Number of protein chains: 2
Amino acid sequence: MNIVLLSGGSGKRLWPLSNDIRSKQFIKIFKNEDGTYESMVQRVYRQIKKADANATVTIATSKTQVSAIHNQLGENVGISVEPCRRDTFPAIALATSYLVDVQGIDPEESVIVCPVDPYVEDDYFEALKRLSDQAEKGEANLVLIGMEPTYPSEKYGYIIPENSEKTAKVVTFKEKPTTEAAKEYIKQGALWNGGVFAYKLKYMLNKAHELIDFTDYQDLFTKYETLTKISFDYAVVEKESHIQVMRFAGQWKDLGTWNTLTEAMGECNVGDTMMNEKCENVHIINELGIPVLAMGLHDVVISASPEGILVSDKEQSSYIKPFVDKIDQQIMFAEKSWGSFRVLDVEEESLTIKVTLNAGHSMNYHSHKYRDEVWVVISGSGLTIVDGMEQKVRTGDVITMQAGCRHTIKAETELKLVEVQLGRGISVHDKQKFPLE
Amino acid sequence: MNIVLLSGGSGKRLWPLSNDIRSKQFIKIFKNEDGTYESMVQRVYRQIKKADANATVTIATSKTQVSAIHNQLGENVGISVEPCRRDTFPAIALATSYLVDVQGIDPEESVIVCPVDPYVEDDYFEALKRLSDQAEKGEANLVLIGMEPTYPSEKYGYIIPENSEKTAKVVTFKEKPTTEAAKEYIKQGALWNGGVFAYKLKYMLNKAHELIDFTDYQDLFTKYETLTKISFDYAVVEKESHIQVMRFAGQWKDLGTWNTLTEAMGECNVGDTMMNEKCENVHIINELGIPVLAMGLHDVVISASPEGILVSDKEQSSYIKPFVDKIDQQIMFAEKSWGSFRVLDVEEESLTIKVTLNAGHSMNYHSHKYRDEVWVVISGSGLTIVDGMEQKVRTGDVITMQAGCRHTIKAETELKLVEVQLGRGISVHDKQKFPLE
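Residues numbered from 1 in each chain as written. Chains lettered and ligands numbered in written order. Predicted model: local features only at pLDDT ≥ 70, side-chain atom pairs only at ≥ 80, totals over all residues. Heavy atoms only, no water.

## Notes on the pairing of strand β21 (residues 339–347) of chain A
Residues and elements named next belong to chain A.
Stage number 1. Bridge count between strand β20 (residues 333–336) and β21: four bridges; the pairing is antiparallel. Note on β21: the bridge partner recorded for F333 is R342.
Stage number 2. Taking the residues between adjacent antiparallel strands as the criterion, β20 and β21 are bridged by two residues.
Stage number 3. Where β21 lies against strand β22 (residues 350–357), eight bridges are found, and the strand directions are antiparallel. Counterpart to R342 in the pairing with β22 is K354.
Stage number 4. Between β21 and β22, which follow one another and run antiparallel, lie two residues. (Pairing = 2+ DSSP bridges. Helix = DSSP H or I, 4+ residues; strand = E, 2+ residues; numbered from the N terminus.)

Now the structure itself:
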């Protein structure tokens, strides 16, 4: 089974756990049996590998997410990096080309494309296998999954099939309707469109060459920025007459708001939390190192992270976006491929952060024009390179770096350090990278 | 006017803004006209000085509060420091002795004793002046203020006066009653006992010598720890037949819970906060440097500080104490006479804090047995002394101190530094102080 997971944007609707560089799919919120937590992307990846240990999984995403993906899924997962956002058709064309040209998959094989963030059970992946098999048969150019609707939702597009067979020809698609129209569609046997579909690689490759002038993956990647933004629906689906749909009646949830996310959480508390017995239907997700105490609340979600604190009635939480858009704050926490960082203190002419480097990993070799830096190693051991000079470091060592000086640190064991940045105009953009000499 | 303000204990009921070393009276929560904030103790002190610019104000408290008092009221306020807690009679005896022996006040003068934390208006201090004058007349040994009850409260003790005159002899006192009993008392003309009273200094000095064997203030201070715990009510009030009460009908609020405190706050938001229009009767006090967003909440108080985060229905907030008792966490923030500190990061074998020294102030000269320390000056300038060696320091300077080394820093301007503590068994108790050589 070949599967492309579309890993989308910034997800402000789950602020403060998601931000411009941490999308909701990376929040570790689902408790495993062993007491650890996994994110949406880790859960889906684990479920895919359970359904098919040999599945080729490729994540189509922007470069801002690459670090977080490697950090959460390891180095072996395929990533089709979009150099910039160009809507769904260019993204799918690029991922398809990546599978054939980089991963070397036979163009006769099929591939499944689906969002990275549905909350589903194992039966969903069994359905994906059948979808893949159906696409490989070649009866249709596109095969979609249609979710059996549980209520006349206004949130989804609808698929109208020819009949009520398990696999049926698609007659037409309907955009997100009113509740009234949705009821009517459901009477006619309509299904929710969850954006899950499969096709033969060669079919999509031909489509891509029809619409875009490129030779191979590398060429397409290079000229990606010049491509016209166009949706997959508009470019392909609306013009395609050979489309089938396969019914799926299992659990399928879109965890896009705090309301739906907390329903799926399983337990009410993550992190250091307390609740009195007068709390009802309260969920607390606390990523800060200090306790959260809730008393006498009903139907409330509390979410605390280094970015901020949300306390919201669950229904009201779906109106969060305009408020979060107003927040103009630097990123306070980020996961990177090499580890993570967290802002500890912000002053006008200094910034103090805590950096955790995973064992064997290092930062880029880089310099800053407008700031000095001081590192204090607080645990672990490693190697610093400062202006070409190598030095072993361990807990308690202090490294001072003047503006302009090139520096990096490599962790032997997991290594934590406190970094104090000093200067006027401290900015994430003040960074020049160099190859190691 | 001589006034002794009794500044009480830890005030866990206003967690997370109050903690073992920051009592509720030091929380800056009342907005001034110029946009700054003042604490209960600052407000009361300002109100006293407005009523009587020459008032002698003495704060009777434990040594843990001395730093915060100097920090908020300056160096000129009198402080009668209780070496340990020994209930109200020893505390009042010590403060009385302090006024006579240290401040040199004539024992014929009267003094008013009252709690530091009532939320009152200017008329309250006019009533205190009348109380002081009445005590000086010598018609009674103790003169109390009786608050006109506004409802049959179970929270207060009651004073039963002989008649309904402005100033009347006290017939008897009643402990906190049931609502039914309170109604009955109020019918009889009873008044609330707010713990506000006045006496001539020599009266209390005589009482103190009757019950405690001591020569003068210094002697009493030295043997304070050996004194028996005994309340002022039990030791003095219950045995005294010459007591008067003066009626007071102005505003008098006890801001002991989040519910009553938020009522007095004036505005709903302190710090970086946002609320949507569906919030009703919501108060947010945010001392963290990250935004708090509230949506669709009713009758809720949100309080966020370096110690933790409370989200509570206002009524329920009065049941907070047992939950806070369970929290076993180090102090994350404290105001000191020399400035303040805040914990930024806690690891098993390191602790990172931010220290702010006020201009002209310095730490104690001290050493640690079990930890090394690193200072990074992030703003300001000053002078370090490390094992007797003086050195000027300014922004960007790094000072490393091995365990055992004696060190201090004196701020010329306001000076901020990041301190990284490194070692096993980091503890506030690992500190030895030295005189400067």
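Anyway, onward from the coordinates.
## A short note on the environment of A:L357
Residues and elements named next belong to chain A.
Stage number 1. For L357, the position within the fold is in strand β22.
Stage number 2. When the C-alpha positions of L357 and P306 are compared, they lie 19 Å apart, and in sequence the two are 51 residues distant.
Stage number 3. When neighbours within four sequence positions are excluded, L357 is seen to be in contact with W338, S362, M363, I409, A411, T413, E414 and L415. (Contact = heavy atoms within 4.5 Å.)

## Concerning the pairing of strand β9 (residues 157–161) of chain B
All names here are of chain B.
Stage number 1. Burial runs high along β9: five of the five residues are buried.
Stage number 2. Neither face of β9 is left uncovered, since the one carrying G157, I159 and P161 and the one carrying Y158 and I160 both have all their residues buried.
Stage number 3. The pairing of β9 with strand β11 (residues 191–200) spans three bridges and is antiparallel. Bridge pairing in β11 links I159 to L191.
Stage number 4. Alignment of β9 against strand β10 (residues 167–174), held across four bridges, turns out to be antiparallel. Bridge pairing in β10 places I159 opposite F173.
Stage number 5. Connecting β9 to the antiparallel partner β10 that follows it, the hairpin turn spans five residues. (Buried < 20%, exposed > 50% of the residue type's maximum accessible area, 1.4 Å probe, protein only.)

## Thoughts on the sheet that holds strand β14 (residues 269–270) of chain B
Stage number 1. One open sheet accounts for six strands, arranged β15(A)-β17(A)-β19(B)-β18(B)-β16(B)-β14(B); its pairing is mixed. Edge positions in the open sheet fall to β15 (273–275) of chain A together with β14 of chain B, since each of these has one partner strand only.
Stage number 2. Judged from the three bridges that link them, β15(A) and strand β17 (residues 292–295) of chain A form a sheet pairing that is parallel. Opposite A:M275, over in β17(A), you have A:A294 as the bridge partner.

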